[in-house]
Amino acid sequence: MKISMKNVFLVAISEYRKWLLTPRIIMVLAMMVPIREIVILPIIRASQYMNQPINVLEPCIATMNSNIITLLVPLVFIVLISSFPTVDGNMFFYIGRMGRSSWIIGEIMSDIMYNVTYVAILTAMILIQVAPYSFLADGWSIVATDYDRVSGNSTGTMSNLLAPNLFYQMAPYKAFALSLVLLLLWLMVCTLFFQMGSVYGRKILFFIILVVQIAAGCALSALDNRLMWFFPVCHSFLKPHYQAYFRKYVFSPYLSVLILATIQGVLIILIYRKAKTVNLDTIGGPQQ
Amino acid sequence: MKILHRKKIFIYVIGIAAVVIICLLEPFILIGKEQYSVLGSIVRLSREERQHYTVIDAIRHGISGWAYILVPIIASIPQASCVNDKITSRFCLFAESRQGRMQYAFTDLLWNLISSSITSLIGFGIYALICDTFFPTNPDMSQIQIIGYEEISFTSQFLYITNKFLYMTLYCIAISLVTSFLVMIYQNLYFDLSVIFILNYMLRRLFMRDLIYIPLIIIGITALMYGPIEKLRSRRL
């Protein structure tokens, strides 16, 4: 059966609607609790201490470059997509009508939609919380660059959140755009990897591999070990790509984009090939 | 039902380990430019440097902050997942018909109490033992003299720890009961735990006051509501 773009969109929209209406979406709200406590509140407190506004994008950049948050964001996202592709009585009928190729491309398209929505919700929720204390311009705030020096903060709160690797090397717009692209690409890799687990009927095994990879990558990144670049999760945060003071890459972020895009390409080919021959009864698991 | 509880032993073990780790990772000592967690102070500070901080300091700092938000949720997971499994597998129908509705509700209530107490008490107990091993009962005052300073007796230390553990256990029981209650109304564990987590976060300042009557009131209200909800749920089935 030929690929029909109309069918692809129908599958994608149907899956997306189901995902958006799943009660588990409340986990995004729960996800905001650690983000608020670890990133947003310390930045707001610093801003109030210095009596200076922050750049509205700074909390988003700090969130996307925080080790703990980067550990939590994909884990919550995997739980959110764990019951997709949906396996209900309807599935056999619509795969029969639309063809397997249209169905699997529709599923991949819906994955892109989940990713964009998830990151958009997180970003919007962060922006709403910091909007009263911030300005929008392509320049770092004094709070980001000078707070640790001015306050004499012994624990180095701000440099832990917004490292000199970021504010000495580029403007906030570029940092935000690169962080966002890397995060989206990384989440897409997670989704496709999980999708591959579904079509190969090894969802739990793939889930465990993914979680172990994320945990190991985050641990190596926290220890600043060079082995971290072997783990795709470490390509998803911008901070370790740059040196603190010299304008030199530790690892080029554009190369990271290329690596993540290549992994996605390979995963898409593997999923597409397998989806054409897979026994539909083995896809997915029990719905919760 | 025993088979369902036996299946959850793994969750209990993970839960207890998580409670100990959360307490150990709470921020504790600030020396110069560095903040040490309880674990950090044990691993990276010398015995002499630790002599200025007591067991009570370590317990007070360890059981604070994130521990108030996360530990009750962790303690409620085994029983909540058990209630969820019982309802979704329809096991509860057989148990209810054998025991009677009210007795079944009472058994559930009792299981909640036992399950959350086990997780929290064992977790905090292990943490207290670790603190007791690495920190002294009284700070080292051999080189300083403070007028009016009184040493902490074993009894007052024991009373402080018992009081703290009692409050935290009651708090865990209260949250566990509310979680199970929510699971009975709507069987989606992720949803229910997320709601409880958000509520717990929003009410954290109230719970952090360590007022023992607050968890007692929650336990009382939830226990009273358990029977009617069980009745409603079984009628809906």
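Since the structure is predicted, the reported quantities are computational estimates derived from the model, not experimental observations. (Residues numbered from 1 in each chain as written. Chains lettered and ligands numbered in written order. Predicted model: local features only at pLDDT ≥ 70, side-chain atom pairs only at ≥ 80, totals over all residues. Heavy atoms only, no water.)

Asks: How should I be thinking about the overall build of chain A in this particular structure?
Replies: Per the secondary structure count, chain A includes 12 helices and 2 strands. Taken against the 2.2 N^0.38 rule, which gives 19 Å for 288 residues, the C-alpha radius of gyration of chain A at 21 Å falls within 12% of a compact globule. If you line up chain A on its principal axes, its C-alpha atoms span 65 × 40 × 30 Å. Sorting the 288 residues of chain A into buried and exposed places 53% on the buried side. Carbon and sulfur atoms form 67% of the exposed surface of chain A, whose accessible area is close to 12700 Å². In chain A, which carries 20 positive and 11 negative side-chain charges, the distance between the mean positions of the two groups comes to 9 Å. (Helix = DSSP H or I, 4+ residues; strand = E, 2+ residues; numbered from the N terminus. Rg over C-alpha atoms; globule rule 2.2 N^0.38 Å. Buried < 20%, exposed > 50% of the residue type's maximum accessible area, 1.4 Å probe, protein only. Areas by Shrake-Rupley, 256 points an atom, 1.4 Å probe, with all protein chains shown as cover. Lys, Arg positive; Asp, Glu negative; His and termini not counted. Charge placed at Lys NZ, Arg CZ, Asp CG, Glu CD.)

Asks: Quick question: what am I supposed to make of the pattern of salt bridges here?
Replies: Residues and elements named next belong to chain A. Under the counting rule described, the total for this entry stands at 7 salt bridges over all chains. Measuring nitrogen to oxygen at the nearest pair gives 3.8 Å for the salt bridge that ties K18 to E15. You can see K18 and its partner E15 sitting in helix α1 (residues 5–21), 3 residues apart, about one turn around the helix. Here E15 falls in the buried class, since its relative accessible area comes to 0%. (Salt bridge = Lys/Arg side-chain N within 4 Å of Asp/Glu carboxyl O.)

Asks: Got a minute to help me understand the side chain of B:S37 in this structure?
Replies: All names here are of chain B. Tracing the backbone through its elements, the reader meets S37 in strand β2 (residues 34–37). Under the relative-accessibility criterion, S37 is labelled buried at 18%. If we skip the residues at most four places from it in the chain, S37 touches L24, L25, E26, P27 and F28. (Contact = heavy atoms within 4.5 Å.)

Asks: What's the story with the interface of chain A and chain B in this structure? I'm lost.
Replies: Many structure descriptions define interface size as the accessible area lost when the parts assemble. The interface is formed by 16 residues belonging to chain A together with 16 residues belonging to chain B. Each partner contributes to the roughly 1400 Å² buried at the junction of chain A and chain B, and carbon and sulfur atoms together form 73% of this total. Put simply, chain A and chain B have 1 salt bridge between them. A salt bridge links A:E37 to B:R204, with the shortest nitrogen-to-oxygen separation between them at 3.4 Å. At the surface where chain A touches chain B, the tally comes to 2 residue pairs in polar contact (both at pLDDT 80 or more). The element contributing the most residues to the side of chain A that touches chain B is helix α2 (residues 26–50) of chain A, with 10 residues. Class assignment for the residues of the side of chain A that touches chain B results in 10 nonpolar, 3 polar and 3 charged. (Buried area = accessible area lost by both parts, 1.4 Å probe. Polar contact = N/O pair within 3.5 Å; in protein donor to acceptor, adjacent residues only side chain to side chain. Nonpolar A, V, L, I, M, F, W, Y, C, P; charged D, E, K, R; others polar.)

Asks: What is the right way to read helix α11 (residues 203–222) of chain A from this model?
Replies: The α-helix advances 3.6 residues per turn, and as a result positions three or four apart in sequence lie on the same side. Residues and elements named next belong to chain A. A rise of 1.5 Å per residue sets the reference length of α11, with its 20 residues, at 28 Å; its end C-alpha atoms lie 28 Å apart and thus fit the reference within 8%. Taken together, the buried positions of α11 are occupied by K203, F206, L210, Q213, I214, G217, C218, L220 and S221. One face of α11 carries all of its buried residues, which in axial projection span an arc of 165°. Facing away from the buried side of α11 by more than 90 degrees, the exposed set consists of I204, V212 and A222. On its buried face, α11 is in contact with α4 (67–81) and α10 (172–199). (Expected span 1.5 Å × (residues − 1). Arc of directions from axis to C-beta.)

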